[in-house]
Number of protein chains: 2
Amino acid sequence: MTDRILEFLRNRREDGPCLVLDLDVVRENYISFARALPDTRVFYAVKANPDPRVLELLARLGSCFDTASVVEIEQALAAGASADRISYGNTIKKERDIMRAYELGVRLFAVDCEAEVEKIARAAPGSKVFCRILCSGAGAEWPLSRKFGCSPEMAPRVLEHAHRLGLVAFGLSFHVGSQQRNPYMWDSALKASAAIFRDLADRGIALQMVNLGGGFPTRYLKSVPAVKAYAQSILGSLRKHFGNHIPETIIEPGRGMVGNAGVIEAEVVLISRKSEEDKVKWVYLDIGKFNGLAETMDEMIRYPIKTPFDGDATEPCVLAGPSCDSVDVLYEKEPYFLPISLEIGSKVLIEGTGAYTTTYSSVGFNGFPPLKSYVI
Amino acid sequence: MTDRILEFLRNRREDGPCLVLDLDVVRENYISFARALPDTRVFYAVKANPDPRVLELLARLGSCFDTASVVEIEQALAAGASADRISYGNTIKKERDIMRAYELGVRLFAVDCEAEVEKIARAAPGSKVFCRILCSGAGAEWPLSRKFGCSPEMAPRVLEHAHRLGLVAFGLSFHVGSQQRNPYMWDSALKASAAIFRDLADRGIALQMVNLGGGFPTRYLKSVPAVKAYAQSILGSLRKHFGNHIPETIIEPGRGMVGNAGVIEAEVVLISRKSEEDKVKWVYLDIGKFNGLAETMDEMIRYPIKTPFDGDATEPCVLAGPSCDSVDVLYEKEPYFLPISLEIGSKVLIEGTGAYTTTYSSVGFNGFPPLKSYVI
């Protein structure tokens, strides 16, 4: 929460929920990453928030970009990034999208199987590929499934196949899980990576790069370690496992870059109880799972919420969105404590909402428009 | 799946996943509902699919409309429905939205607590209100939470409050759960409704209407009873609990009206395994949770999928979407059996996707556009 955001909201006159994102905070976050890991290139995960002004700022600061689709590549290019600063980091790509990316100048691609290597060899000849490996997401608030990556045992075969097909077997990537609160989680993945580097060196293939992924957390209700703590832990693991041959590294922060830069203002639409004896109040906001707060799915991300009545006595509330959909409930299993004095019509501020909110919005479920966004 | 849809897809040249919806099927569904329950007014749940051509067809056929927001009210009006055929069925409404609806001519509103009654009394004086009561969603594939409705014991107080404030205490509503496969589930809610009718009659308030809600299923992988079976069961329960004083009734089908009218065509982007020993294949489509298939959440809705290789031997597959998001997995806990011969680039047809697909699409998560839709 910054004074600039509060000032903006004081003067706003439009109706409906909105996100306000402060570019000063994004700048500070970028500088923190760049200082903590001076030898590591930062690839901002565009999917976290592809607002043009965010991308333009980061492009000016020297950031590179991790993209998930041709549209995101075009957004990064439009923001002023050159193609050599763009990674096509999605392991799932149509061959014609790879071709389009190649035409746009992109030469760095993620893979996690031989079939994807073959597409890239055909559609983007001579490009660099890095192979994503599976690693445990223990300690993450949003652990990743096995959707991306192959077992570390399979990676050498995938990269050797790339080498054989004329691609540059460039390196490895992994992801320790989003909102990872344990800085030591990178260690086991780096250990596995170093073993793969040695294995491929024995086969005459010199990998050069380790993509350390994202996972850097933003502060929601629980406090999280500073970027510096992550950097120290990662550098320690790199030295431990790679000795004097420390590879080129890149990171892909998304949430860690923009999460704490944004605040959503929402309105209390209704407060009610389901029966006379009900101990828990229901509080309905004009924002929910389908117009911005998709990451409350399974109550995984628990946002801090500020109200005009903070400091008053609180009581447990179920917090829900405005749509006619019963799954549009934000916090129910673990009720949220809100001031007893909260009223219908009160404005609330939902903090840490700069990442993974605007683009998750539905196009118009229940007739509610997508989340409005102001970048200041 | 209809010949018209297949013919349309044969001639389509654009890239990317799309929904094709056959209006002939919607017409048949409307007629089935109207014939099975001739004394019941049909309020189509606009949120299921608000495509203008669907709304125009239903308006021409004489349907009424259940809406969740002012935007949906405007959509129904634009399709040719008069305001007296529109219900503002969301129990969670901003007072200024109620006022706007009232200005547009709407006079029928849902409530489930006294606070909402007070908003309506101020913003839409003299209107009819019906009170939603909670009922068990047992037997539904998508059981509703306690988000909407109050306990049956509380409903008389809510309606009496409406009466006192000059509103017309018009009736009751309930929802037996979406995709309800047991036609007898309406019975206990109708029993509770009849008791409330008697209670309010004793207080001098004559309720007139029971809104039987939606819940009418569409056929996914499991077969479902025909509309006629639901009608017989409901009429039986009405007679049993209301005797000779059967109230006016309305139904709000959404999925049951458009679900089986739509088919999504998607493409296999990648097929891979996570390790050499993996028994389960991963099949990635160009559609997932964020661009149309949100209802695979918790693997609740299991769509039938047709491939060009049906009839060949099958094997268990994890089915996932194209985005860089680990939750974008459609079926994993219970793998989906697909032909071993399925290939990267194969087109597949996902049936029963006319409802709750297009509007759930995100505006552009990962740079993927919202689901395209063709109504034929």
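Residues numbered from 1 in each chain as written. Chains lettered and ligands numbered in written order. Predicted model: local features only at pLDDT ≥ 70, side-chain atom pairs only at ≥ 80, totals over all residues. Heavy atoms only, no water.

A. Here's a closer look at the overall build of chain A. Secondary structure summary: chain A contains 10 helices and 18 strands in total. Computed over its C-alpha atoms, the radius of gyration of chain A comes to 22 Å, within 12% of the 21 Å expected for a compact globule of 376 residues. For chain A, the spread of C-alpha atoms along the principal axes amounts to about 75 × 40 × 35 Å. With the model as given, the accessible surface of chain A reaches about 13500 Å², and the carbon-plus-sulfur share is 51%. (Helix = DSSP H or I, 4+ residues; strand = E, 2+ residues; numbered from the N terminus. Rg over C-alpha atoms; globule rule 2.2 N^0.38 Å. Areas by Shrake-Rupley, 256 points an atom, 1.4 Å probe, with all protein chains shown as cover.)

B. Local environment of the interface of chain B and chain A. With 73 residues of chain B at the interface, the matching set in chain A holds 73 residues. Buried surface at the junction of chain B and chain A, summed over both partners, amounts to about 5700 Å²; 59% is from carbon and sulfur atoms. Our enumeration of links across chain B and chain A arrives at 18 salt bridges. Salt-bridge contacts for A:K274 lead to B:D112; the nearest nitrogen and oxygen are separated by 3.5 Å. Secondary structure elements with two or more residues in the side of chain B that touches chain A: helix 4 (70-78), helix 6 (114-123), strand 12 (262-272), strand 13 (281-285) and strand 16 (329-339) of chain B. Taken together, the residues of the side of chain B that touches chain A sort by class into 31 nonpolar, 20 polar and 22 charged. (Contact = heavy atoms within 4.5 Å. Buried area = accessible area lost by both parts, 1.4 Å probe. Salt bridge = Lys/Arg side-chain N within 4 Å of Asp/Glu carboxyl O. Nonpolar A, V, L, I, M, F, W, Y, C, P; charged D, E, K, R; others polar.)

C. Region of interest: the domain arrangement of chain A. Residues and elements named next belong to chain A. Under the domain assignment, chain A is made up of domain 1 (89-253) and domain 2 (260-375). Look at where the C-alpha atoms of domain 1 and domain 2 centre, and you get two points 36 Å apart. Counting residues at the interface gives five residues for domain 1, matched by 10 residues for domain 2. Taking both partners together, domain 1 and domain 2 bury about 870 Å²; carbon and sulfur atoms supply 68% of that area. For the pair domain 1 and domain 2, the interface holds zero salt bridges. Put simply, domain 1 and domain 2 have zero residue pairs in polar contact (both at pLDDT 80 or more) between them. (Domains from an automatic or database assignment. Polar contact = N/O pair within 3.5 Å; in protein donor to acceptor, adjacent residues only side chain to side chain.)

D. A look at unusual backbone geometry. Non-glycine residue A:E299 carries a positive phi angle of around 55 degrees. For A:E299, the position within the fold is in the loop between strand 13 (281-285) and strand 14 (305-306). The backbone of B:Y356 shows a phi angle near 55 degrees, a positive value even though the residue is not glycine. Among the structural elements, B:Y356 can be located in the loop between strand 17 (347-351) and strand 18 (372-375). Judged by relative accessible area, which is 9%, B:Y356 ranks as buried. (Buried < 20%, exposed > 50% of the residue type's maximum accessible area, 1.4 Å probe, protein only.)

E. Local environment of the pattern of salt bridges. Overall, the coordinates contain 60 salt bridges over all chains when judged by the stated rule. A salt bridge links A:R255 to A:E295; the nearest nitrogen and oxygen atoms lie 2.6 Å apart. Note that A:R255 is positioned in helix 10 (residues 255-258) and A:E295 in the loop between strand 13 and strand 14, a separation of 40 residues in sequence. The same class applies to A:R255 and to A:E295, which are both buried. A single salt-bridge network, built from bridges that share partners, covers A:D15, A:E267, A:D286, B:K94 and B:R96.

F. Representation of the environment of A:A201. Residue and element names in this part refer to chain A. Summarising the element assignment, A201 is placed in helix 8 (residues 186-202). The class for A201 is partly exposed, based on a relative accessible area of 48%. A201 sits 10 residues away from K191 along the chain, and the two C-alpha atoms are 16 Å apart.

G. Here's a closer look at the side chain of B:D112. Structurally, B:D112 is set in the loop between strand 5 (108-111) and helix 6. A distance of 3.5 Å separates the side chain of B:D112 from the side chain of A:K274, its partner in a polar contact. At 2.8 Å, the side chain of B:D112 forms a polar contact with the backbone nitrogen of B:G149.

H. The arrangement of the relation of the copies chain B and chain A in detail. For these two chains of identical sequence, chain B goes onto chain A by a turn of 180 degrees and a shift of 0.0 Å along the axis, with RMSD 0.0 Å. The transformation just described matches what one would write down for a two-fold rotation axis. Closest approach to the rotation axis within chain B is made by the C-alpha atom of B:S362, at a distance of 2.0 Å. The share of interface residues of chain B whose copies in chain A are also at the interface is 100%, consistent with both copies meeting through the same surface. (Least-squares fit on C-alpha atoms with pLDDT ≥ 70 in both.)

I. Fine view of the pairing of strand 3 (residues 64-67) of chain A. Residue and element names in this part refer to chain A. Here strand 3 shows a buried face lined by C64 and D66 and a second buried face lined by F65 and T67. Pairing geometry for strand 2 (residues 40-45) and strand 3, over three bridges, is parallel. In the sheet register, A45 faces strand 3, and the bridge partner there is D66. As a crossover connection, the stretch from strand 2 through helix 3 (residues 52-61) into strand 3 is right-handed. The pairing of strand 3 with strand 4 (residues 86-88) spans three bridges and is parallel. By the bridge assignment for strand 4, F65 is matched with I86. (Pairing = 2+ DSSP bridges. Right-handed = clockwise from strand over helix to strand, strands pointing away.)

J. Focus on the packing of aromatic side chains. Within the structure shown, the criterion is met by 28 aromatic pairs over all chains. Ring centres of A:Y360 and B:F365 lie 4.1 Å apart, and the angle between their planes is 20 degrees; this geometry places the pair in the stacked category. Residue A:Y360 is found in the loop between strand 17 (347-351) and strand 18 (372-375), and its partner B:F365 is found in the loop between strand 17 and strand 18; the two belong to separate chains. Residues B:F8 and B:Y374 carry aromatic rings whose centres are separated by 5.0 Å and whose planes lie at 45 degrees to one another, so their mutual orientation is tilted. With B:F8 in helix 1 (residues 3-11) and B:Y374 in strand 18, this pair connects stretches of sequence that are 366 residues apart. For B:F8, a relative accessible area of 25% puts it in the partly exposed group. Classification of B:Y374 by relative accessible area gives buried; the value is 18%. Site record: aromatic cluster; members linked through ring pairs are A:F33, A:W186, A:F216 and A:Y230. A:R107 extends its terminal NZ or CZ atom over the ring of A:Y102, reaching a point 3.8 Å from the ring centre. Just above the ring of B:Y88 sits the side chain of B:K93; from NZ or CZ to the centre is 5.6 Å. (Phe/Tyr/Trp six-rings, centres within 6.5 Å; stacked < 30°, edge-to-face > 60°. Lys NZ or Arg CZ within 6 Å of the ring centre and 35° of its normal.)

K. Inspection of the side chain of B:T67 at higher detail. Residues and elements named next belong to chain B. Assignment of secondary structure puts T67 in strand 3 (residues 64-67). The class of T67 is buried, set by a relative accessible area of 1%. For T67, the side chain forms a polar contact with the main-chain oxygen of S87, separated by 2.8 Å. Those residues in contact with T67, other than ones at most four positions away along the chain, are V46, E72, I73, I86, S87, Y88, G89 and N90.

L. Layout of helix 9 (residues 227-242) of chain B. All names here are of chain B. Taking 1.5 Å of rise per residue, the 16 residues of helix 9 would be expected to cover 22 Å, and the 22 Å separating its terminal C-alpha atoms lies within 8% of that figure. The set of residues buried in helix 9 consists of Y230, A231, S233, I234, S237, L238, H241 and F242. Those residues of helix 9 hidden inside the fold are in contact with helix 2 (23-36), strand 9 (178-180), helix 8 (186-202), strand 10 (209-211) and strand 11 (248-251). Backbone geometry just downstream of helix 9 places G243 in the positive-phi region, at approximately 60 degrees. (Expected span 1.5 Å × (residues − 1).)

M. Representation of the environment of A:T358. Structurally, A:T358 is set in the loop between strand 17 and strand 18. Counting along the chain gives 208 residues from A:T358 to A:C150, while the straight-line C-alpha distance between them is 31 Å. Among all residues touching A:T358, those that are not within four sequence positions of it are A:L19, A:N49, A:L371, A:S373 and B:V363.

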